[in-house]
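Each chain is listed here by its residues.
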Amino acid sequence: MSNEQRGQANSKNFKNIMKQDEIFKLAELFCGPGGLSLGAMTAVVSNPKGKIYKVKPVWANDIDEDTCKTYARNIHGGDLTNVACAPVETIDFKKVPAFDVLAFGFPCNDFSVVGKQKGFNGKYGPLYTYGVKAIDTHNPKWFIAENVSGLQSANNGSAFTKILDDLENAGQGYRLTAHLYKFEEYGVPQTRHRVVIIGIRKDLGLEFKVPAPTTAGNYISAKTAIENPPIPKNAPNHEITAQAKIVVERLKNIPPGENVWYEGIPDHLKLNVKGARMSQIYKRLHPDKPSYTITGSGGGGTHGYHWSENRALTNRERARIQTFPDDFIFEGSKESARKQIGMAVPPKAAKVIVEAVLKTFAGIPYDWIYPKLTNGNGNGNGQNCLFEF
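Time to look at the overall build of the protein chain. Looking only at helices and strands, one finds 10 helices and 11 strands in the protein chain. Going through the 389 residues of the protein chain one by one, you find that 50% of them count as buried. Across the protein chain, every contact between residues at least 6 apart in sequence was considered, and the portion connecting residues at least 24 apart equals 71%. Here the protein chain displays about 18,100 Å² of accessible surface, and carbon together with sulfur accounts for 49% of that area.

Applying the stated criterion across every chain yields a total of 11 aromatic pairs. Residues Phe324 and Phe328 carry aromatic rings whose centres are separated by 4.7 Å and whose planes lie at 50 degrees to one another, so their mutual orientation is tilted. An identical accessibility class is assigned to Phe324 and Phe328; each is buried. Linked through ring pairs, Phe24, Trp142 and Phe361 together constitute an aromatic cluster. Just above the ring of Trp368 sits the side chain of Lys209; from NZ or CZ to the centre is 4.2 Å. Here the basic side chain of Arg250 rests over the ring of Tyr282, its NZ or CZ set 5.1 Å away from the ring centre.

All right, on to the side chain of Asp62 then. Relative to the helices and strands, Asp62 resides in strand S3 (residues 52–62). Although Asp62 lies buried, it forms no salt bridge, and the closest oppositely charged side chain, Lys339, sits 7.5 Å away as judged by the N-O distance. Among residues more than four places away in sequence, those in contact with Asp62 are Phe30, Cys31, Gly32, Thr67, Cys68, Ala84, Cys85 and Ala86.

What follows concerns the nonpolar core. In a soluble, globular protein the nonpolar side chains are often hidden away together inside. By size, the foremost hydrophobic cluster in this structure holds 35 residues, and its most contacted members are Ile226, Tyr282, Leu285, Phe324 and Phe330. When residues in this core are grouped by element, the largest group, four residues, is from helix H3 (residues 65–75). With 34 residues, the next largest nonpolar core counts Tyr181, Tyr186, Ala349 and Ile353 among its residues.

Another aspect to go through is the environment of Glu355. Summarising the element assignment, Glu355 is placed in helix H10 (residues 347–362). Considering only alpha carbons, one finds Glu355 and Ala40, 315 residues apart in sequence, at a separation of 7.7 Å. Contact partners of Glu355, with chain neighbours within four places excluded, come to Ala43, Val44 and Val45.

Further remarks concern the environment of Arg201. Among the secondary structure elements, Arg201 is positioned in strand S8 (residues 193–201). Judged by relative accessible area, Arg201 falls into the buried class, the value being 13%. Measuring from C-alpha to C-alpha, the distance between Arg201 and Ala170 comes to 9.5 Å, with 31 residues separating the pair along the chain. Once residues within four sequence positions are removed from consideration, Arg201 is found in contact with Asn139, Pro140, Lys141, Gln172, Gly173 and Tyr174. A distance of 2.8 Å separates the side chain of Arg201 from the backbone oxygen of Asn139, its partner in a polar contact.

What follows deals with the pattern of salt bridges. A side chain of one charge can pair with a side chain of the opposite charge when the charged atoms of the two come close. Within this structure, the stated rule accounts for 16 salt bridges. Of the charged contacts, one joins Glu168 and Lys202 as a salt bridge, the two residues approaching to 3.6 Å between their closest N and O atoms. With Glu168 in helix H5 (residues 158–168) and Lys202 in the loop between S8 and strand S9 (210–211), the pair connects residues that are 34 residues apart, well separated along the chain. Residue classification places Glu168 among the buried residues on the basis of a relative accessible area of 13%. For Lys202, a relative accessible area of 35% corresponds to the partly exposed category. Salt-bridge contacts for Glu335 lead to Arg338; the nearest nitrogen and oxygen are separated by 2.9 Å. Here the residue Glu335 and the residue Arg338 both occupy positions in helix H9 (residues 334–343), the gap between them amounting to three residues, near one helical turn.

For the rest of this paragraph, the subject is the pairing of strand S1 (residues 22–29). Extensive coverage of S1 is indicated by the burial of six of its eight residues. Bridge count for S1 against S3 is seven bridges, and the pairing is parallel. Looking at the pairing, Phe24 lines up with Val55 of S3. Strand direction decides the pairing type here: S1 and strand S5 (residues 101–104), joined by four bridges, are parallel. Each residue of the ladder has a partner; that of Leu29, found in S5, is Phe104.

A few words now on H10. Its 16 residues give H10 an end-to-end C-alpha distance of 22 Å, which sits within 8% of 22 Å, the value for a rise of 1.5 Å per residue. Taken together, the buried positions of H10 are Pro347, Ala349, Ala350, Val352, Ile353, Val354, Ala356, Val357, Leu358, Thr360, Phe361 and Ala362.

Our focus in this paragraph is H9. All buried positions along H9 are accounted for by Ser336, Ala337, Arg338, Gln340, Ile341 and Gly342. Looking at the packing, one finds that the buried side of H9 touches H3 and helix H8 (315–321).

Once that is clear, we can look at the confidence of the model for the protein chain. Mean pLDDT over the protein chain works out to 87, with 83% of the residues at or above the 70 mark. Residue range residues 108–125 is modelled with pLDDT below 50. Its contacts to residues more than four positions away, or to other chains, number 43 contacts. Taken together, the stretch residues 374–389 has pLDDT below 50 and engages in 35 contacts with residues farther than four places along the chain or on a different chain.

The amide bond that connects Asn228 to the next residue, Pro229, takes the cis arrangement and shows omega of 0 degrees. Among the structural elements, Pro229 can be located in the loop between helix H6 (222–227) and helix H7 (245–252). Even without being a glycine, Phe30 presents a positive backbone phi close to 50 degrees. With respect to the secondary-structure elements, Phe30 resides in the loop between S1 and helix H2 (35–41). In this model, Thr323 sits at a positive phi of 70 degrees, which is unusual for a non-glycine residue. Within the element layout of this structure, Thr323 appears in the loop between H8 and H9.

Analysis parameters
- Residues numbered from 1 in each chain as written.
- Predicted model: local features only at pLDDT ≥ 70, side-chain atom pairs only at ≥ 80, totals over all residues.
- Heavy atoms only, no water.
- Helix = DSSP H or I, 4+ residues; strand = E, 2+ residues; numbered from the N terminus.
- Buried < 20%, exposed > 50% of the residue type's maximum accessible area, 1.4 Å probe, protein only.
- Contact = heavy atoms within 4.5 Å.
- Areas by Shrake-Rupley, 256 points an atom, 1.4 Å probe, with all protein chains shown as cover.
- Phe/Tyr/Trp six-rings, centres within 6.5 Å; stacked < 30°, edge-to-face > 60°.
- Lys NZ or Arg CZ within 6 Å of the ring centre and 35° of its normal.
- Lys, Arg positive; Asp, Glu negative; His and termini not counted.
- Salt bridge = Lys/Arg side-chain N within 4 Å of Asp/Glu carboxyl O.
- Core = buried A, V, L, I, M, F, W, Y, C linked by side-chain atoms within 4.5 Å.
- Polar contact = N/O pair within 3.5 Å; in protein donor to acceptor, adjacent residues only side chain to side chain.
- Pairing = 2+ DSSP bridges.
- Expected span 1.5 Å × (residues − 1).
- pLDDT = per-residue confidence, 0-100.

Spelled out as structure tokens, the structure:
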């Protein structure tokens with residue numbers, strides 16, 4: 001082979017290498033049923049030269065057995081091999097398969113404004129540190145962390161500051177972009193507000209920008225989500241809960257969009273509750289508006305209620321509002337499935353955010369907005385708004 005031929009061959013090989021798809025191997029802590037992974041898997045972009053950027057889940061961890069089975073069934077075709085169902089405290093991250101991206105929606109119980117907001121003083125608050133340990137061990141190219149909006153105010157704001165500092169300095173160092181996403185502005189038929197932190201390793205020289213809302217002012221309603229297309233009667237996780245007679249009577253007197261504190265409810269159907277009144281108690285969805293936040297915990301009156309039928313939503317209806325496809329099956333009992341659905345990241349929201357990350361790596365421009373929360377080398381706009389939400 002002549003020098004000219006060798007040069008042509010080397011040039012061809014270089015071009016082939018440059019065109020090879022970039023597949024980010026995803027590991028996930030506190031994975032839940034797989035909403036974030038499902039969204040990430042469906043986010044695929046390609047640059048003008050035809051190089052494809054996508055995500056492939058390779059390992060996940062959760063503590064709940066039903067949740068692990070749900071994740072394995074829907075993300076890994078039923079294979080539990082790479083789903084570690086165990087307390088995160090027991091995970092040896094050196095033995096976790098190599099990964100390029102880490103996702104962790106660390107438990108929000110101690111940061112939620114609905115709960116007591118114990119922050120770092122609670123059982124779940126410090127669990128984010130295991131995400132930091134995973135980053136320290138594997139130095140992924142990027143990570144995505146998700147939590148409730150109450151994260152910003154826990155421990156008088158110090159918890160959020162500490163988390164951002166630890167994540168920025170984890171591993172080889174990360175450039176952070178933190179933002180309070182209103183998921184109803186991104187095609188999710190639900191007013192679900194979450195802080196999402198994207199970290200890209202500093203040595204890569206990339207900056208993530210928050211994708212611009214796609215449905216702001218043109219929200220998808222609860223009715224559209226549930227009825228278009230209609231849910232088949234034999235759909236999985238679609239069992240209707242038999243309501244107590246007094247619950248049916250109470251619901252008959254609550255208009256769409258209102259709750260148990262509606263002034264028109266007869267006295268004998270009112271709840272005798274002292275202290276704070278949660279707005280979601282026996283609250284009916286409004287057919288023309290996004291659903292209120294679907295939750296995974298809470299007793300009677302917190303299950304989400306149909307706008308016209310006098311009953312709680314089925315799990316499949318809740319899953320629709322969370323943007324899970326109808327063939328995504330939740331393992332376990334009806335109550336277990338309800339918990340999994342309520343604690344999940346909506347796949348549609350995850351897809352939008354991950355797509356923006358992939359475009360960042362691919363060098364593909366997209367519409368973006370300034371983050372409401374920034375740290376480190378991120379854009380300074382909105383810095384004064386860190387704890388005002």
